[in-house]
Amino acid sequence: EEALTIFVDKRKLSKKGEVSDFSGNSTVTLEALHQLAASYFIDRESTLRKLHHIQIASTAIKVTETRTGPLGCSNYDNLDSVSSVLVQSPENKVQLQGLQVILPDYLRESFVQAALSYIACNGEGEFFCKDNDCWCNCDHKFPECNCPYMDIQAMEESLERITETWELLYKEFEESDEFKAFYTRLPQSYFLNVSSIQHLWSLDSLFQWRYEQLENSMQVLSRRAQRVIFKLFSLSKRCHRQPQVRIPRER
């Protein structure tokens, strides 16, 4: 899930004109902001640069960008949430802080607790934090409310694809011309010890180059598998069933 939020101080908006070039005085109209917001999902980096420049130069807007979702979603390796310091104008305070700012003090804590439980726990438990760690105390009707099955399943399927790729890389190596050429030079009538094979290996530069390619691909794949496994166990730490992980080994 990806969202761009622009908070606007209408008193500082220009009644006419467009956004100027960003080297001088920046005037901004509501129409221009709408155009920039519409272009965000087409060209994120350029749009954010323009919006942040307007934010700094004019103080008419404050921008928040938020990106969240299942691990491994889209092109992101990690989840992230990127925010700038947000508005102080009374017009926007209720939007930012919610109903808690207009509730009496004795109700605020319970309101926030209920809201977090509803949002973070899908109403299936009570949101709870201790020692910089947060989770849901599950309702007895939803004993697995802390276990994101869909995300875990996605991680497990990702590991399966990594294993398939691992096997495919070895198959491609064994079917390569360099491997076949090396294999045909080995004697077929008697066994060789390891040192003899290593000696023949060291004499074949093309075969060594092809094997280095395999090793590099394996290292990339292994690092990817380790990241997926870390995420998988992080997601599963409060599940009743822990994941069964099998990593292919180097042959």
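Cut-off values and rules
- Residues numbered from 1 in each chain as written.
- Predicted model: local features only at pLDDT ≥ 70, side-chain atom pairs only at ≥ 80, totals over all residues.
- Heavy atoms only, no water.
- Disulfide = S-S within 2.5 Å.
- Helix = DSSP H or I, 4+ residues; strand = E, 2+ residues; numbered from the N terminus.
- UniProt positions renumbered as here; feature names shortened; annotations may be inferred.
- Pairing = 2+ DSSP bridges.
- Phe/Tyr/Trp six-rings, centres within 6.5 Å; stacked < 30°, edge-to-face > 60°.
- Buried < 20%, exposed > 50% of the residue type's maximum accessible area, 1.4 Å probe, protein only.
- Core = buried A, V, L, I, M, F, W, Y, C linked by side-chain atoms within 4.5 Å.
- Contact = heavy atoms within 4.5 Å.
- Patch = residues over 30% accessible without salt bridge, like charges linked within 9 Å, V, L, I, M, F, W, Y side chains within 5 Å.
- Areas by Shrake-Rupley, 256 points an atom, 1.4 Å probe, with all protein chains shown as cover.
- Salt bridge = Lys/Arg side-chain N within 4 Å of Asp/Glu carboxyl O.
- Lys, Arg positive; Asp, Glu negative; His and termini not counted.
- Charge placed at Lys NZ, Arg CZ, Asp CG, Glu CD.
- Axes fitted to C-alpha atoms, helices over the stretch in contact; angles between N-to-C directions.
- Parallel < 35°, antiparallel > 145°, perpendicular 65-115°, else oblique.
- Nonpolar A, V, L, I, M, F, W, Y, C, P; charged D, E, K, R; others polar.

J.: Which parts of the structure should I look at to understand the state of the cysteines?
T.: Linking two cysteines covalently via their sulfur atoms produces the bond known as a disulfide. Counted according to the given criterion, the structure contains two disulfides. One disulfide bridge connects cysteine 138 with cysteine 145, the sulfur atoms lying 2.1 Å from each other. Classification of the bridge connecting cysteine 138 and cysteine 145 rests on its S-S torsion, roughly -90 degrees, and on that basis the disulfide is left-handed. The residue that forms a disulfide with cysteine 147 is cysteine 239, at a sulfur-sulfur distance of 1.9 Å. Between cysteine 147 and cysteine 239, the S-S dihedral sits near 105 degrees, and the bridge is therefore right-handed. Of the two residues, cysteine 147 is situated in the loop between strand E5 (133-138) and helix H5 (149-174) and cysteine 239 in the segment after helix H8 (205-236); the sequence distance between them amounts to 92 residues.

J.: Help me out: how do you make sense of the UniProt feature "domain: BRINP EGF" (unreviewed entry) in the protein in this one?
T.: UniProt records the feature "domain: BRINP EGF" (unreviewed entry) at residues 115-149, using the numbering of this structure. The distance separating the terminal C-alpha atoms of residues 115-149 is 23 Å; by composition the span is 20% helix and 34% strand.

J.: Sorry, what's going on with the pairing of strand E4 (residues 125-130) here?
T.: Note on strand geometry: in a regular strand, side chains alternate between the two faces of the sheet. One ladder, built from six bridges, connects E4 with E5; its direction is antiparallel. Within E5, the residue paired with cysteine 129 across the bridge is cysteine 134.

J.: In this structure, what is going on with the packing of aromatic side chains? I would like to understand it.
T.: Both the distance between ring centres and the angle between the ring planes are used here to describe each pair of aromatic rings. For the structure shown, the criterion picks out 10 aromatic pairs. Between phenylalanine 179 and phenylalanine 207 the ring centres are 6.1 Å apart and the planes differ by 55 degrees, which places this aromatic pair in the tilted class. Here phenylalanine 207 lies in helix H8 and phenylalanine 179 lies in helix H6 (residues 177-184), a separation of 28 residues in the sequence. Owing to a relative accessible area of 2%, phenylalanine 207 belongs among the buried residues under this scheme. Here the aromatic residues Phe173, Phe179, Phe182, Tyr183, Trp201, Phe207 and Tyr211 are joined through ring pairs into a cluster of three or more.

J.: Would you mind going over the nonpolar core with me for this structure?
T.: Nonpolar side chains tend toward joint burial in soluble globular proteins. Membership of the largest hydrophobic core comes to 22 residues, with the highest contact counts inside it found for Ile152, Leu159, Ile162, Leu214 and Met218. Going through the elements one at a time, H5 and H8 are the ones with two or more residues in this core. Sort the elements by how many residues they give to this core and H8 lands first, with 10 residues. If we ignore the near neighbours within four places in the chain, the residues touching leucine 159 are Ala225, Val228, Ile229, Leu232 and Val245. Of all hydrophobic cores here, the second largest spans 13 residues; its members include Leu4, Leu13, Leu33 and Ala60.

J.: Would you take a moment to explain a negative patch on the surface for this structure?
T.: A contiguous patch of negative charge, built from Glu157, Glu160, Glu164 and Glu167, is present on the exposed surface. Of note, glutamate 167 is situated in helix H5. Residue glutamate 167 is classed as exposed on the basis of its relative accessible area, which comes to 52%.

J.: Looking at this structure, I do not really get the packing of H5 against H8. What am I missing?
T.: Packed helices, taken two at a time, are described by the angle their axes make and the gap between the axes. The N-to-C vectors of H5 and H8 enclose an angle of 170 degrees; their axes lie 10 Å apart at closest approach. Here H5 is positioned roughly antiparallel relative to H8, judged by the angle of their axes. Residues that form the contact of H5 with H8 fall into these classes: 18 nonpolar, five polar and six charged.

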